[in-house]
Amino acid sequence: FDSVRNDTTASIILFTATFSDKGRQIADQLSAEFPQLHTTIINIDSDPHMWDAPYLDYLSVDRIPYMILLDNHGTIHTRDARIWELKRLLKY
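Overview of the structure. Everything numeric here is computed off the predicted structure, so don't read it as measured data. (Residues numbered from 1 in each chain as written. Predicted model: local features only at pLDDT ≥ 70, side-chain atom pairs only at ≥ 80, totals over all residues. Heavy atoms only, no water.)

**Quick look at the overall build of the protein chain**
When you go through the protein chain residue by residue, the secondary structure sums to four helices and four strands. Helices and strands in the protein chain line up, N terminus first, as α-β-α-β-α-β-β-α. Evaluated residue by residue, the protein chain yields a buried proportion of 41% over its 92 residues. The long-range fraction of contacts in the protein chain, counting pairs at least 24 apart against all pairs at least 6 apart in sequence, stands at 63%. Just so you have it, the protein chain exposes about 5500 Å², and 52% of that area is on carbon and sulfur atoms. (Helix = DSSP H or I, 4+ residues; strand = E, 2+ residues; numbered from the N terminus. Buried < 20%, exposed > 50% of the residue type's maximum accessible area, 1.4 Å probe, protein only. Contact = heavy atoms within 4.5 Å. Areas by Shrake-Rupley, 256 points an atom, 1.4 Å probe, with all protein chains shown as cover.)

**Considerations on the pattern of salt bridges**
Under the criterion given, the structure shown has five salt bridges. The residue Arg82 makes a salt bridge to Asp80 at a minimum N-O spacing of 2.9 Å. Of the residues examined, Arg82 reaches a relative accessible area of 39% and is grouped as partly exposed. Residue classification places Asp80 among the buried positions, given a relative accessible area of 16%. Among the charged side chains, a salt-bridge network with shared partners connects Asp62, Arg63, Asp80 and Arg82. (Salt bridge = Lys/Arg side-chain N within 4 Å of Asp/Glu carboxyl O.)

**A closer look at the pairing of strand β2 (residues 38–43)**
Along a regular strand, successive side chains alternate from one face of the sheet to the other. For strand β1 (residues 11–16) and β2, the ladder comprises six bridges, and the chain directions are parallel. Its bridge partner lying in β2, Ile13 is registered against Thr40. The parallel pair β1 and β2 is bridged by helix α2 (residues 21–33), and the resulting crossover is right-handed. (Pairing = 2+ DSSP bridges. Right-handed = clockwise from strand over helix to strand, strands pointing away.)

Below you can see the structure in the form of structure tokens.
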């Protein structure tokens, strides 16, 4: 995980929905506690076919909210991440 800890271009992908209060809380917490990370928020309810998208199966996204931590090369380091895990992994 050194590449994630030492590189400010690590990324988070947050899968959520516009109706998800927990997803909004996580998005707010990410921007407040990890401003150096690139955060992409994907609202799965923006497209009625989103749950059928093949990449959701590939990424093992089976619920929302769901976070994935990637390094600057796009390597997945943590699936279904939690804020406390991000703090530990990124040494916050």
